[in-house]
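Topology and contacts: notes
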Amino acid sequence: QVQLVESGGGLVQAGGSLRLSCAASGSILNSDSMGWYRQAPGKERELVATITNGDSANYADSVKGRFTISRDDAKSTVYLQMRDLKPEDTAVYYCKLRRLWGQEYWGKGTLVTVSS
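Here's a quick rundown of the structure. (Residues numbered from 1 in each chain as written. Predicted model: local features only at pLDDT ≥ 70, side-chain atom pairs only at ≥ 80, totals over all residues. Heavy atoms only, no water.)

1. Observations concerning the sheet that holds strand β8 (residues 77-82)
- Strand order in the open sheet made by the four strands is β1-β3-β8-β7, with antiparallel pairing throughout. Both outer strands of the open sheet, β1 (4-7) and β7 (67-72), are each paired with one neighbouring strand and no more. For this sheet, the mean inter-axis angle between neighbouring strands, taken without regard to orientation, is 15 degrees.
- As judged from the four bridges shared by β1 and strand β3 (residues 18-24), these two strands associate in the antiparallel manner. (Pairing = 2+ DSSP bridges. Helix = DSSP H or I, 4+ residues; strand = E, 2+ residues; numbered from the N terminus. Axes fitted to C-alpha atoms, helices over the stretch in contact; angles between N-to-C directions.)

Next up, the structure:
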């Protein structure tokens, strides 16, 4: 069993930066895919970014060039560096770990609020 705990959310002005962290209680395997998702009020949860064991990253078009996902398997942690934040980035951000065989784990989320 893996537990994921997100941190680093908060209130920031538009144009500001935040770095989110997601710490796993168990080990992150080399083969795991890690991802960040977000859910804004009244909207469905959406993909923000994913990173594979080969450090291949994918981003939603809305965050390309502003957000960077990275992972440190030795620390069982995945990060999301967010720059040039916009009010539309306001959401609860969730971390997800997906094992190679399909099992998934989710964190409880951290709130990011961007004021205009």
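Still more to cover.
2. Considerations on the packing of aromatic side chains
- Summed over all chains, the structure comprises one aromatic pair.
- Over the aromatic face of Y94 sits the side chain of R45, whose NZ or CZ is 3.7 Å from the ring centroid. (Phe/Tyr/Trp six-rings, centres within 6.5 Å; stacked < 30°, edge-to-face > 60°. Lys NZ or Arg CZ within 6 Å of the ring centre and 35° of its normal.)

3. Focus: unusual backbone geometry
- The phi dihedral of S76 is positive, around 50 degrees, even though this residue is not glycine.
- Note on S76: relative accessible area 12%, which makes it buried.
- Here the phi dihedral of D84 falls at roughly 50 degrees; this positive angle occurs in a residue that is not glycine.
- In this structure, D84 sits in the loop between β8 and β9 (91-98). (Buried < 20%, exposed > 50% of the residue type's maximum accessible area, 1.4 Å probe, protein only.)

4. Describing a nonpolar patch on the surface
- Among the surface-exposed residues, L29, L100 and W101 lie close enough to one another that they form a single nonpolar patch of about 350 Å² accessible area.
- Considering the arrangement of structural elements, one finds W101 in the loop between β9 and β10 (104-106).
- Residue W101 is classed as exposed on the basis of its relative accessible area of 58%. (Patch = residues over 30% accessible without salt bridge, like charges linked within 9 Å, V, L, I, M, F, W, Y side chains within 5 Å. Areas by Shrake-Rupley, 256 points an atom, 1.4 Å probe, with all protein chains shown as cover. Salt bridge = Lys/Arg side-chain N within 4 Å of Asp/Glu carboxyl O.)

5. A few points about the pattern of salt bridges
- For the structure on display, the rule yields eight salt bridges.
- Note that D89 is salt-bridged to R38, the shortest N-O span being 2.9 Å. Of this pair, D89 sits in the loop between β8 and β9 while R38 sits in strand β4 (residues 33-39), and the two are 51 residues apart along the sequence. R38 shares its class with D89; the two are buried.
- Here K96 and E104 are joined by a salt bridge, their closest N and O atoms 3.2 Å apart.
- On the basis of relative accessibility, which here comes to 10%, the residue K96 falls in the buried class.
- It is possible to trace a salt-bridge network through shared partners that takes in R38, E46, R66 and D89.

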